[in-house]
Structure formats: structure tokens, C-alpha cells
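Residue strings, one per chain:
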Amino acid sequence: MRLPLIPPAELGAEQKALYDDMRKGIASNFNAFKVEREDGALMGPWNPWLHEPAIGKAIWNLTLAMTANASLPDSARQIAILVVGARYNAAYELYAHVAVAEREGMSTERLAALVAGQKPTDLSREENVAFDFSYALARGGVLPEPLYRLAVATFGQHGANELIYLVGLYALVSTTLNGFNVPVPERE
């Protein structure tokens, strides 16, 4: 890990305000996996965001907006997030969202395919669209028009927009995790 975890007692005023806001949001939205050390220091992408609180606050606000305004089915969201995590080989991202997907009942076979960057064979129509859309967008370049139109037909314009932003957000999260070499905590 390239940035040390910051114990709560060592946070500056701007960091402390962000830390408090993140802990509140984490408790209600990101509680299926380990996010903090015993002393309360935040792990995962939250630690780098605390090191640069002006940037971290902007990313955190985007994360909250994406969570609060979610309209996509949860399984489609998790598939998109795992596609991006696998594309970037972002260890903490995969650790965290495998835990979320397991809690939501996603099968081991499906998870194994997704983390290997492969398309599972048992996807519903919506999940299939989410996979193809996210896979194509995460590869780079312009999203093919037929995939865009299919996403709009499947999820509506708002849902297609959300899927684009979700792929972008988790590309940013994955890049943060990989850039700072954020480790995976031990699973219990």
C-alpha cells in the first residue's frame, strides 16, 4: 500500500468532516465487506480519498449520488461493477463487490466467470445487456450504437445513463485502488 491508513485521531479538520460523512454512508451502503481497521482507519478507496479530501469529497459525493439515484436492478449493477473490477484487475474492488454479490445471492459459478472477465452463461435479459454494455465500455472507445440503443430500450434513458456513469465511477475507483496498491483485507 502506497498511502498509510490514517487513524481518526490524526485527521485534519477537512479530512475529519469527510471521514464522518463517509463512515455514515459506508454503514448504510457498503457493509458487506471490511472497510476499516480496528482503530477506525478507513481502508479501500476511502483512505486515498482522505489523503486528498477536496478530490475525495467530490468522488464520495458522486458515489452517494450514484447510490441514492440507482434505478438499475441490483444484479445488473453488481454485474457492471464486477465487469469493471475484472477489467482493471482491481483486487479490493473485486473483494468488496464479490462480498456484496454473495450477500445478494449471486452463485459461485457466476461470480467465478465475472471475476475471470468472462460472461456467465445464466444471465437474465437485463443482466446480459448490463454485461455486454459494461464490457464494451470498459474496453475503451465509443460504445457501439446497437448496445447503447439496447440499453435504452431495456433500462430507459435514465438507466442507460446510470450504467455509463456506473462504469465510469468504478473505473475511477479501480484506478484509485490500483494506483495506490490498496490491499485486500483478510476475509472472515
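Residues numbered from 1 in each chain as written. Predicted model: local features only at pLDDT ≥ 70, side-chain atom pairs only at ≥ 80, totals over all residues. Heavy atoms only, no water.

Trainee: Even after reading the chapter, I still don't get the packing of aromatic side chains, so can you show me in this structure?
Mentor: What characterises a pair of aromatic rings is the spacing of the ring centres plus the angle enclosed by the ring planes. Under the defined criterion, the tally for this structure stands at seven aromatic pairs. Of the aromatic side chains, those joined through ring pairs into one cluster are F30, F33, W46, W60, Y92 and Y95. (Phe/Tyr/Trp six-rings, centres within 6.5 Å; stacked < 30°, edge-to-face > 60°.)

Trainee: Would you mind going over the pattern of salt bridges with me for this structure?
Mentor: Note that side chains of opposite charge can pair when their charged atoms are close. In the structure shown here, the tally under the stated rule is nine salt bridges. Measuring nitrogen to oxygen at the nearest pair gives 2.8 Å for the salt bridge that ties R37 to D39. Overall, the relative accessible area of 28% leaves R37 in the partly exposed class. For the salt bridge of R77 with E162, the shortest nitrogen-to-oxygen distance reads 2.9 Å. Taken together, the residues R77 in helix α4 (residues 74–88) and E162 in helix α8 (residues 145–179) connect sequence positions 85 residues apart. You'll find R77 and E162 in the same group, each marked buried. Taken together, the shared-partner salt bridges connect R110, D122 and E127 into one network. (Salt bridge = Lys/Arg side-chain N within 4 Å of Asp/Glu carboxyl O. Buried < 20%, exposed > 50% of the residue type's maximum accessible area, 1.4 Å probe, protein only. Helix = DSSP H or I, 4+ residues; strand = E, 2+ residues; numbered from the N terminus.)

Trainee: Any chance you could explain helix α1 (residues 13–29) here in plain terms?
Mentor: For the α-helix, the turn length of 3.6 residues means that residues three or four positions removed from each other point alike. When the terminal C-alpha atoms of α1 are compared, their 24 Å separation across 17 residues agrees well with the 24 Å that a helix rising 1.5 Å per residue should span. Of the positions making up α1, those classed as buried are Q15, L18, Y19, M22, G25 and I26. Angularly, the buried residues of α1 cover 140° about the axis, an arc narrow enough to put them on a single face. Pointing more than 90 degrees away from the buried face of α1 are the exposed residues A13, K24, A27 and S28. Here the buried face of α1 lies against α2 (46–51) and α3 (53–68). (Expected span 1.5 Å × (residues − 1). Arc of directions from axis to C-beta. Contact = heavy atoms within 4.5 Å.)

Trainee: What is the right way to read the side chain of H97 from this model?
Mentor: By the secondary structure assignment, H97 is in helix α5 (residues 91–103). At a separation of 2.9 Å, a polar atom in the side chain of H97 contacts the side chain of Q78. When sequence neighbours within four positions are dropped, the list of residues in contact with H97 reads Q78, I81, L82 and Y170. (Polar contact = N/O pair within 3.5 Å; in protein donor to acceptor, adjacent residues only side chain to side chain.)

Trainee: I keep staring at α3 and nothing clicks. Help me out?
Mentor: Here α3 spans 21 Å end to end across 16 residues, near enough to the 22 Å set by a 1.5 Å rise per residue. Those residues of α3 that are buried lie in contact with α1, α2, α4 and α8.

Trainee: Explain the UniProt feature "domain: Carboxymuconolactone decarboxylase-like" (unreviewed entry) in the chain here, please?
Mentor: Look at the UniProt record and you will see "domain: Carboxymuconolactone decarboxylase-like" (unreviewed entry) annotated at residues 53–131. Between the C-alpha atoms that bound residues 53–131 the distance is 33 Å, and the span itself is 75% helix and 0% strand. (UniProt positions renumbered as here; feature names shortened; annotations may be inferred.)

Trainee: Can you walk me through the packing of α4 against helix α7 (residues 125–139) in this structure?
Mentor: Packed helices, taken two at a time, are described by their axes: the angle between them and the distance between them. Orientation of α4 relative to α7, taken along the N-to-C sense of each, is 30°, at an axis distance of 9 Å. With respect to their mutual orientation, α4 and α7 come out roughly parallel. Crossing hand, α4 versus α7: right-handed. Only E127, A130, F131, S134, Y135, A138 and R139 of α7 make contact with α4, whose side of the interface consists of S75, A76, I79, A80, V83, V84 and R87. Along the lines of polarity and charge, the residues of the contact of α4 with α7 split into nine nonpolar, two polar and three charged. (Axes fitted to C-alpha atoms, helices over the stretch in contact; angles between N-to-C directions. Parallel < 35°, antiparallel > 145°, perpendicular 65-115°, else oblique. Left-handed = near helix turned anticlockwise from the far one by under 90°. Nonpolar A, V, L, I, M, F, W, Y, C, P; charged D, E, K, R; others polar.)

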